[in-house]
Amino acid sequence: MPAGVSWGQYLKFMSCAVLSMMAGSQLVHMYYKPLEDLDVYIDKEVEEVSKTKGVKLSGISIKKTDPTTNAT
């Protein structure tokens, strides 16, 4: 095995490493919520590209929402 350790130690270390990475990723997504406003950034970039480059991007719909309505 790598680094001269037994299969048991190696598998234990690898499973702990993978689980801690998953837990850390979940914690970051629960705390910072990085994907919550992704649609806003995509719409902003699509509008900016359309204005500056004059290119119409197909297959990307820009959803305009009315803040006065409570639609989900």
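Here's what I pulled together on the structure shown here.

So, how was this worked out
Residues numbered from 1 in each chain as written. Predicted model: local features only at pLDDT ≥ 70, side-chain atom pairs only at ≥ 80, totals over all residues. Heavy atoms only, no water. Helix = DSSP H or I, 4+ residues; strand = E, 2+ residues; numbered from the N terminus. Expected span 1.5 Å × (residues − 1). Phe/Tyr/Trp six-rings, centres within 6.5 Å; stacked < 30°, edge-to-face > 60°. Buried < 20%, exposed > 50% of the residue type's maximum accessible area, 1.4 Å probe, protein only. Patch = residues over 30% accessible without salt bridge, like charges linked within 9 Å, V, L, I, M, F, W, Y side chains within 5 Å. Areas by Shrake-Rupley, 256 points an atom, 1.4 Å probe, with all protein chains shown as cover. Salt bridge = Lys/Arg side-chain N within 4 Å of Asp/Glu carboxyl O.

### What to know about unusual backbone geometry
Most peptide bonds take the trans form, and the phi angle of most residues other than glycine is negative.
1) Next: The backbone of Lys 33 sits at a positive phi, close to 50°, despite the residue not being glycine.
2) Next: With respect to the secondary-structure elements, Lys 33 resides in the loop between α1 (7–32) and α2 (38–53).

### Here we look at α2
1) Next: Taking 1.5 Å of rise per residue, 16 residues should cover 22 Å, and α2 covers 22 Å from first to last C-alpha, within 8% of that figure.
2) Next: A positive backbone phi angle near 70° is found at Gly 54, which sits one or two residues after α2.

### A short note on α1
1) Next: Under the 1.5 Å per step criterion, the end-to-end length of α1 is 37 Å for 26 residues, consistent within 8% with the ideal 38 Å.
2) Next: Remark: Lys 33 follows α1 within two positions and exhibits a positive phi of approximately 50°.

### As for the packing of aromatic side chains
1) Next: As enumerated under the stated definition, the model contains two aromatic pairs in all.
2) Next: Geometrically, the ring pair formed by Trp 7 and Tyr 10 is edge-to-face, given 6.4 Å between the ring centres and 90° between the ring planes. Residue Trp 7 and its partner Tyr 10 are located together in helix α1, separated by three residues, close to a single helical turn.
3) Next: For Trp 7, a relative accessible area of 57% gives the class exposed.
4) Next: By relative accessible area, Tyr 10 is classed as partly exposed at 27%.
5) Next: Taking the centre distance of 4.8 Å and the plane angle of 85° together, the rings of Tyr 31 and Tyr 32 count as edge-to-face.
6) Next: Accessibility expressed as a relative area gives 60% for Tyr 32, which makes it exposed.

### Considerations on a nonpolar patch on the surface
1) Next: A surface patch of nonpolar side chains, amounting to about 420 Å² of accessible area, comprises Val 18, Leu 19, Met 21 and Met 22.
2) Next: Among the secondary structure elements, Leu 19 is positioned in helix α1.
3) Next: For Leu 19, a relative accessible area of 55% corresponds to the exposed category.

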